[in-house]
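Take a look at the letters that make up each chain.
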Number of protein chains: 4
Amino acid sequence: MKAFVYRGPGKKALEECPRPEIAAPTDAIVKIAKTTICGTDLHILKGDVPTCQPGRILGHEGVGIVDKVGPAVTMFKPGDRVLISCVSACGKCIYCRKQMFSHCTTGGWILGNSIDGTQAEFVRTPHADTSLYPIPEGADEEALVMLSDILPTGFECGVLNGKVQPGSTVAIIGAGPVGLAALLTAQFFSPAEIIVIDLDDNRLEMAKRFGATTAINSADGNAVETVMKMTAKCGVDTAIEAVGIPATFEMCEQIVAPGGTIANIGVHGKQVALHLERLWDRNISITTRLVDTVTIPMLFKTVGSDKIDPKLLITHHFKLDKILEAYEAFGNAAKTKALKVIIEA
Amino acid sequence: MKAFVYRGPGKKALEECPRPEIAAPTDAIVKIAKTTICGTDLHILKGDVPTCQPGRILGHEGVGIVDKVGPAVTMFKPGDRVLISCVSACGKCIYCRKQMFSHCTTGGWILGNSIDGTQAEFVRTPHADTSLYPIPEGADEEALVMLSDILPTGFECGVLNGKVQPGSTVAIIGAGPVGLAALLTAQFFSPAEIIVIDLDDNRLEMAKRFGATTAINSADGNAVETVMKMTAKCGVDTAIEAVGIPATFEMCEQIVAPGGTIANIGVHGKQVALHLERLWDRNISITTRLVDTVTIPMLFKTVGSDKIDPKLLITHHFKLDKILEAYEAFGNAAKTKALKVIIEA
Amino acid sequence: MKAFVYRGPGKKALEECPRPEIAAPTDAIVKIAKTTICGTDLHILKGDVPTCQPGRILGHEGVGIVDKVGPAVTMFKPGDRVLISCVSACGKCIYCRKQMFSHCTTGGWILGNSIDGTQAEFVRTPHADTSLYPIPEGADEEALVMLSDILPTGFECGVLNGKVQPGSTVAIIGAGPVGLAALLTAQFFSPAEIIVIDLDDNRLEMAKRFGATTAINSADGNAVETVMKMTAKCGVDTAIEAVGIPATFEMCEQIVAPGGTIANIGVHGKQVALHLERLWDRNISITTRLVDTVTIPMLFKTVGSDKIDPKLLITHHFKLDKILEAYEAFGNAAKTKALKVIIEA
Amino acid sequence: MKAFVYRGPGKKALEECPRPEIAAPTDAIVKIAKTTICGTDLHILKGDVPTCQPGRILGHEGVGIVDKVGPAVTMFKPGDRVLISCVSACGKCIYCRKQMFSHCTTGGWILGNSIDGTQAEFVRTPHADTSLYPIPEGADEEALVMLSDILPTGFECGVLNGKVQPGSTVAIIGAGPVGLAALLTAQFFSPAEIIVIDLDDNRLEMAKRFGATTAINSADGNAVETVMKMTAKCGVDTAIEAVGIPATFEMCEQIVAPGGTIANIGVHGKQVALHLERLWDRNISITTRLVDTVTIPMLFKTVGSDKIDPKLLITHHFKLDKILEAYEAFGNAAKTKALKVIIEA
């Protein structure tokens, strides 16, 4: 089968690979219909993710059709259309029992990382019963690709951890795909204000179209001041960090209101300065989270009832044999205005 | 009347001062029966608290008898025995309505800070109806002095924010009075393990007597390793910071389990390094809080039913005219083994 | 001044009454701009509310301008435009401290019940600082009349108690004003399905316009069966009772899913049969609540940001001197299609 | 092997039966070390549980040693010492994913009900990975038998659902084994008062020994009055129903405080009268629940750290071949003072 393979820092190729086989009784083999590329895949290609070794087929998102199942799989059978969670969950370890699938002792984020992933014609999915989700008859599969990772990430790490409430004031720092996913899902809770801050006017424009009440370009260094002025010097109830660098996290520290929450989504490579000398008495919370995808069933219902349109996030389409072009478009988002790209296998 | 007055950095005196008068219709004047000294008072004496200016009568804790009330006070009358909250709350501003009394727009921590305090024969307490608490017939008033500040601080900022649960594993960094208050109140929730870490063997000894299941002297630099070994490398569900310096906060970052909480109580003077490069995907929460004292009614009930013995925290007694000796004892705790000192007015 | 007075069962009159005076230092006198009629007022007129004695001016909703304030009122001054909560709250009793304003020991629902109310040119509002809410510049006052009672009632008793969530399935039994208020505010949380059940096709038609995904006329006795069929025999996550009779409460018992909630809003005059022989092992919750109006500040923000349009509930307008006609219209809703009627003073 | 078999209403026998075999890849066979009898077993013997047909081996509690495992079992291997949950959970159906194991679509309470149970030398346990719990080295296995059903039932249905809190006032109606289990586990949260009400002085005496602050014999019909007097006419924060008849549930309705909770544990055979005409405006919650046993891991930790002594509930011991005597003792508790009886296989 064809598959997109990481060949070491800066090296990648669409290759012919053997089709995966059932390795454990709880495995399924899924024939991929549509997959996509995540920012994390770009990190891997740079060599920044040591758990992902050369030779690995990338990709941890996608929808497809069950091709084979192991003998212990009871929830799915060949022919079932399924969504693949970016996180594999055994459903029985100490973390899975606490709904922290991200920390599953034999799962977590392994697809396209420590085992072969979804940017291929077929993929082996471990713990299939608790890591795949049935796609209802008539559903728009392309929209559902957004439920593998990006929407639950924005929702769980940003919106739920950030305790977004009706009437509250939310700031989202970073209008990349995950920030926009937080923006879309924050609206489930009807906040009064959603302020989006970024450096890219095109993305800010999209943020406005997706429901931001205010879009601020922080290039002039006045974003904090603007937010404080807008909020009568109180700050925001929820500050969602969706970039992953010290400057944006510290911006969150500056704009969070007393009693508010900073919900971190960003993948950080360095420590940040936590200004406890100013925040120790401000009654704030800071949360971090790797997506658990426990809200996928809930998100299915919101998509099915048109409470959200995940396809807003999809900007480009490619066939699997053009996946190198897809990476090109996705990796040059400032120029191509790409958010999420769909790859059809 | 006699009162203990801050006279600028390093200067203090027991002085003769005019008795306070009702200034607003919601004020009460309370004749102090017993008060105490807080670590914050030592900070003021060093000149570290700019809101507190020379000439100020210190003290924000105590019990006494209502002497006079303003015309709008309806919950208390002269002769009532009352506990004074360290935090004054109007009960009607935006923060009070959210139970964040610490941020009351006309209150918060003002006693012995921006207005005269309780280390005196009489004190004016603003917002009396929502800042004083009736003392039940027959209660031990000395024990109740611990409910003005130290016990709600340990309980709200450490135990409640830290989400201590039956069977959970808790670490408390710092066995000073506030750390020990967290230790005492953590036991309301029956955690399986309470590990207390400090540098002072005497305080660790007290921690063991107060219910710590493990006491670790961190002087040898192995505390983190010890905790990780004790917890099968998982770390603790709740790490309570009760010191207020970067080293102890970072120790919390090292020992918190995936899914766990760092509850900060310490008053910090500097920024700390938040290692998001390691914590971004660990599903943790960090909380900060200035005590709101909203749990005083709950704490009254736990004291009345012998679920906690606040007098464990009391090590010394002085008369008001010996308050300089009381400060001497409290300020040299390593030598005097002082925790909380009772001052009788 | 003119006022609408209850004169005993079946008797009522628009009368000339003395203007109210400040009676306690925490009182305000409010000049009414707009008020409305509640279903409870009809109960009073029938003689069903023993706490309300003949001679009482009715009404517990409205907006107006502060005319006078007592000496302890600090949040308002004459000339301020305010919303009047249907529930008076002292802000300091044991219930107010728990945010249960409905049970305030010197307040609760007293306006137009045990003290004179708002269907008059002026009203005395006790505990003004914690029972009035400032109206922002430029706000639509007519819409805000809906925040005195009907919207917080639907939201607090139905939606919040019912734990409505994104993607969940909600049934509302009763499409009168309070059921429709629950319908409007349920949408803050983006449930997937909102099924409204009533006997009146006109009200069901309105429910559809207000956002119901399904409207069921229960006249044929098949409503339960229809709901169970729609939900794959699971039932609904939240069943909101907004009628107040045994038949509708028992319908909720029949359609609530395992793990679901029955949130009662209805004012009941009789006991109902709770089928514990069928429900004891179904992991359900049942809640009751008299509105606390603690969400008025939150609701203000949702109105200000166009997350809800309270004016949808307003069907008729009258001048105060035509209030008997207003009662006529409101009391014959099946014929007049009245929901809420605005009365201008 | 020997096993205790239900032979139709009023009929039972200790019989020689074939040893169970692995039937599904997720099954385990457990060699029973110790089991016990539940009140539900008595109901079955009367013919009151239609899902349990004649020929069934009874019993849904116990500890033992894993004898065999199916090929998909990964958490256990032969020789492991395990606790058996009374509820079998697949860990992957819609209910298991919500932690409602009681409603597992292929599990729930099936042991000793719709499949053969634990009152035998061996038992087949379905969904072994998510229905068995490893017993730590050195643990007291007899104490742990109480974690199969009785303690999680009291804790989940009574204490957690009842939201018991530090300082709160709790009433438990019924001092049978499950009421006493609620009493023991309520103390995890340090309530100020635990009032236990029963008709049997012996059980009330035990309740006092187990930590009840007040024991009331309700035979004289004054229990409600006594509770209301004790609580200054407020009532209790939490009323736990642990009997299962209308009279005791209605007693809960009479003593629950405004804002309080009625947590039902009792197995009810009839409807009860819910006095909404009095309760509709009291801001109460009523909960029902079949135990999910999701707290077994938490309970293990509380037992391991001596926060609770489950052996207090054990009054009698029998060998498996004397199980008819064990049923005799358990079924005549008023005379034998039996709570839980241990049966050694």
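Going by the structure above, here's the rest.
Here's what I pulled together on the structure shown here. Everything numeric in this text was worked out from a predicted model, so none of it was measured. Sequence order as written defines residue numbering, which begins from 1 separately in each chain. Whichever chain is written first becomes A and whichever ligand is written first becomes 1, with later ones labelled in order. At least 70 in pLDDT is required for a residue's local features to be given in this predicted model, at least 80 for side-chain atom pairs to be given and counted, and no such filter applies to totals for whole chains, interfaces and linings, which use all residues. Side-chain metrics rest on all non-hydrogen atoms present in the structure, leaving aside hydrogens and water.

Residue and element names in this part refer to chain A. Two strands pair if DSSP finds at least two bridges between them. Only runs of H or I of at least four residues qualify as helices and only runs of E of at least two qualify as strands under DSSP, and these elements are numbered from the N terminus. The antiparallel open sheet is built from three strands, whose spatial order is E2-E1-E4. Unpaired on one side and paired on the other, strand E2 (12-16) and strand E4 (56-57) mark the two borders of the sheet. Pairing of strand E1 (residues 2-6) with E4, which is carried by two bridges, proceeds in the antiparallel orientation. Paired with Tyr6 across the strands is Arg56, a residue of E4.

What follows covers the packing of aromatic side chains. When two rings of Phe, Tyr or Trp (its six-membered ring) have centres within 6.5 Å they constitute a pair, described as stacked for plane angles under 30 degrees, edge-to-face for angles over 60, and tilted for the intermediate range. Across all of its chains, the model carries 14 aromatic pairs over all chains by this definition. An aromatic cluster of three or more residues is present, and its members are Phe155, Phe188 and Phe189 of chain A together with Phe155, Phe188 and Phe189 of chain C. Over the ring of Phe122 of chain A we find Arg19 of chain A; its NZ or CZ atom is 3.8 Å from the centre of that ring. For a Lys NZ or an Arg CZ to count as sitting over a ring, it must be within 6 Å of the ring centre and within 35 degrees of the ring normal.

Residues and elements named next belong to chain C. Turning to its location among the elements, Arg56 is positioned in the loop between helix H1 (39-46) and strand E4 (62-69). As used in this structure description, the phrase polar contact means that two N or O atoms lie within 3.5 Å; if the pair is within protein, one of them must be able to donate a hydrogen and the other to accept it, and residues adjacent in sequence are counted only when both atoms belong to side chains. At a separation of 3.1 Å, a polar atom in the side chain of Arg56 contacts the side chain of Asp116. Leaving out residues up to four positions away in the same chain, Arg56 has contacts with Phe4, Val5, Tyr6, Gly112, Asn113, Ser114, Ile115 and Asp116. The contact definition used throughout considers only heavy atoms, calling two residues in contact when any of these lie within 4.5 Å.

A word on the environment of Cys96 of chain C. By the secondary structure assignment, Cys96 of chain C is in helix H2 (residues 94-97). A C-alpha to C-alpha distance of 9.9 Å links Cys96 of chain C and Val294 of chain C, two positions 198 residues apart in sequence.

With that settled, consider the relation of the copies chain D and chain C. Superposing chain D onto chain C takes a rotation of 180 degrees plus a shift of 0.0 Å along the axis, which leaves an RMSD of 0.0 Å. Given the turn and translation reported, the copies of this chain are related as if by a two-fold rotation axis. In this assembly the copies share their binding face: 100% of the residues contributing to the interface of chain D also contribute to that of chain C. Copies overlap after least-squares fitting; the atoms used are the C-alpha atoms of residues with pLDDT of at least 70 in both.

Each partner contributes to the interface: chain D provides 34 residues, whereas chain C provides 34 residues. When two parts are brought into contact, each loses some accessible area as probed by a 1.4 Å sphere; the total of that loss over both is the buried area. Buried area between chain D and chain C, both sides added, is near 2,900 Å², and the carbon and sulfur share of it is 59%. Contact with chain C buries area across many residues of chain D, yet Trp280, Asn283 and Thr288 of chain D alone supply 23% of it, more than any other trio. We define a salt bridge as a contact between a side-chain nitrogen of Lys or Arg and a carboxyl oxygen of Asp or Glu at a distance within 4 Å. Linking chain D to chain C there are zero salt bridges. In this structure, the connection of chain D to chain C is made through 21 residue pairs in polar contact (both at pLDDT 80 or more). Going through the elements one at a time, strand E12 (256-264), strand E13 (272-274), helix H9 (276-279) and strand E14 (285-287) of chain D are the ones with two or more residues in the side of chain D that touches chain C. Strand direction decides the pairing type here: strand E13 (residues 272-274) of chain C and E13 of chain D, joined by three bridges, are antiparallel. What sits directly across from Val272 of chain C, in E13 of chain D, is Leu274 of chain D.

A few words on the pairing of strand E9 (residues 169-173) of chain A. All names here are of chain A. With five of five residues buried, E9 is to be regarded as a mostly interior element. Buried residues are those whose accessible area, probed at 1.4 Å on protein chains only, stays under 20% of the maximum for their type, while exposed residues exceed 50% and partly exposed ones sit between those limits. Covered by surrounding structure in E9 are Thr169, Ala171 and Ile173 together with Val170 and Ile172, the residues of both alternating faces. In this structure, E9 lies alongside strand E10 (residues 193-198), joined through five bridges in parallel fashion. Note that in E10 the partner of Val170 across the bridge is Ile194. Place the viewer so that the strands point away; then a crossover is right-handed whenever the path from the first strand over the helix to the second strand goes clockwise. Chirality of the crossover, the property in question, places the unit of E9, helix H5 (residues 177-186) and E10 among those that are right-handed.

Any functional reading would require information beyond the geometric quantities listed.
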